[in-house]
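This is what each chain is made of:
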Amino acid sequence: MMLETERLAIVEAAESDIGWIIAQENDEENRKFIWVGTYEEHLAEIADPGHRLLVIRRKDGVERVGYALVHLDFKSERFELRRIVIAQKGRRYGRESMEALMKYAFETLKFNRFWLDVYPDNAVGIKLYESLGLHRDGVLRQNFKSERGYLDQIIYSMLKEEYFHSVSERTSPEERR
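The rules behind each value
Residues numbered from 1 in each chain as written. Predicted model: local features only at pLDDT ≥ 70, side-chain atom pairs only at ≥ 80, totals over all residues. Heavy atoms only, no water. Helix = DSSP H or I, 4+ residues; strand = E, 2+ residues; numbered from the N terminus. Rg over C-alpha atoms; globule rule 2.2 N^0.38 Å. Buried < 20%, exposed > 50% of the residue type's maximum accessible area, 1.4 Å probe, protein only. Contact = heavy atoms within 4.5 Å. Lys, Arg positive; Asp, Glu negative; His and termini not counted. Charge placed at Lys NZ, Arg CZ, Asp CG, Glu CD. Salt bridge = Lys/Arg side-chain N within 4 Å of Asp/Glu carboxyl O. Pairing = 2+ DSSP bridges. Axes fitted to C-alpha atoms, helices over the stretch in contact; angles between N-to-C directions. Parallel < 35°, antiparallel > 145°, perpendicular 65-115°, else oblique. Left-handed = near helix turned anticlockwise from the far one by under 90°. Nonpolar A, V, L, I, M, F, W, Y, C, P; charged D, E, K, R; others polar. Phe/Tyr/Trp six-rings, centres within 6.5 Å; stacked < 30°, edge-to-face > 60°.

(A) Up close: the overall build of the chain. In terms of regular secondary structure, the chain is built from seven helices and eight strands. For 177 residues, the compact-globule estimate of 2.2 N^0.38 gives 16 Å, and the C-alpha radius of gyration of the chain, at 16 Å, lies within 12% of that figure. C-alpha extents for the chain along the principal axes are approximately 50 × 40 × 35 Å. Taking all 177 residues of the chain together, the buried fraction comes to 44%. Sequence-distant contacts, at least 24 apart, represent 57% of the contacts inside the chain between residues at least 6 apart. Separation between the mean location of the 28 positive side-chain charges and that of the 32 negative ones in the chain comes to 3 Å.

(B) Structural view of the pattern of salt bridges. Applying the stated rule across the entire model yields 13 salt bridges. In this structure, a network of salt bridges that share partners links the residues Asp17, Arg57 and Arg64.

(C) Structural context of the sheet that holds strand E2 (residues 8-12). One open sheet holds the eight strands; their spatial order is E1-E2-E3-E4-E5-E6-E8-E7, and the pairing between them is mixed. Edge strands, defined here as strands with exactly one partner in the open sheet, are strand E1 (2-4) and strand E7 (135-146). Going across the sheet, the axis of each strand differs from the next one's by a mean of 25°, ignoring polarity. Running over the sheet, helix H1 (residues 18-26) touches strand E3 (51-58), strand E4 (64-73) and strand E5 (78-86) and is turned about 95° from E4. The sheet contacts of helix H4 (residues 93-108) involve E1, E2, E3, E4, E5, strand E6 (113-118) and strand E8 (149-159), and relative to E5 the element is tilted by about 165°.

(D) Layout of the packing of H4 against helix H6 (residues 160-170). Viewed as axis vectors pointing N to C, H4 and H6 meet at an angle of 115°, and their least axial separation amounts to 10 Å. Comparing their axes, H6 and H4 come out roughly perpendicular. In this structure, the crossing between H4 and H6 has a hand that is left-handed. Taking contact as the criterion, the partners of Met102, Lys103, Phe106 and Glu107 in H4 are, on H6, Lys160, Tyr163 and Phe164. Split into classes, the residues belonging to the contact of H4 with H6 amount to four nonpolar, no polar and three charged.

(E) View of the packing of aromatic side chains. Counted by the stated rule, this structure contains eight aromatic pairs. Pairing phenylalanine 106 with tyrosine 163 gives two aromatic rings, centres 4.8 Å apart and planes at 25°, and the pair type is stacked. Highlighted residues: phenylalanine 106 in helix H4 and tyrosine 163 in helix H6, separated in sequence by 57 residues. What makes tyrosine 163 buried here is its relative accessible area of 5%. On the numbers, 5.1 Å between centres and 80° between planes, the contact of tyrosine 163 with phenylalanine 164 is edge-to-face. On the basis of relative accessibility, which here comes to 38%, the residue phenylalanine 164 falls in the partly exposed class. An aromatic cluster of at least three residues, connected via ring pairs, comprises Phe79, Tyr104, Phe106, Phe114, Tyr163 and Phe164.

Have a look at this one:
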């Protein structure tokens, strides 16, 4: 799988990417907002057809700028974004990556639902998800136990018809033809 945006290429991770992914998960700016996987868990995700461990690279070189982990439920047509980490913050790579993943979920896979969860103190993530039009479905109270204690998880989602409605609103009549 390869997704391209104006500046980015999103490709399936290789075993050689796992060390870099774990380093991003353990970075203090990222660690409190995501679950941290082991080498063996990431290797299993690469091998599992229901998961996509993805590396986000700049198209003008081989530099990695982030990664994402998705779970695909083909039976129920659900695309779950389990993790997204952008190493180079403040450059809108997160927005660009999210838009590409949503487009892939709805336009390529033709799935019905795109969803994710986020901790309430991840203000940057919440602002991004809401600006993309994701719906706040609710809160799973104290759903995850971490070194910080019991954490709530806010569920955000978008349905296929909402995605295509938002796309049609963003494009001019000429672009839709």
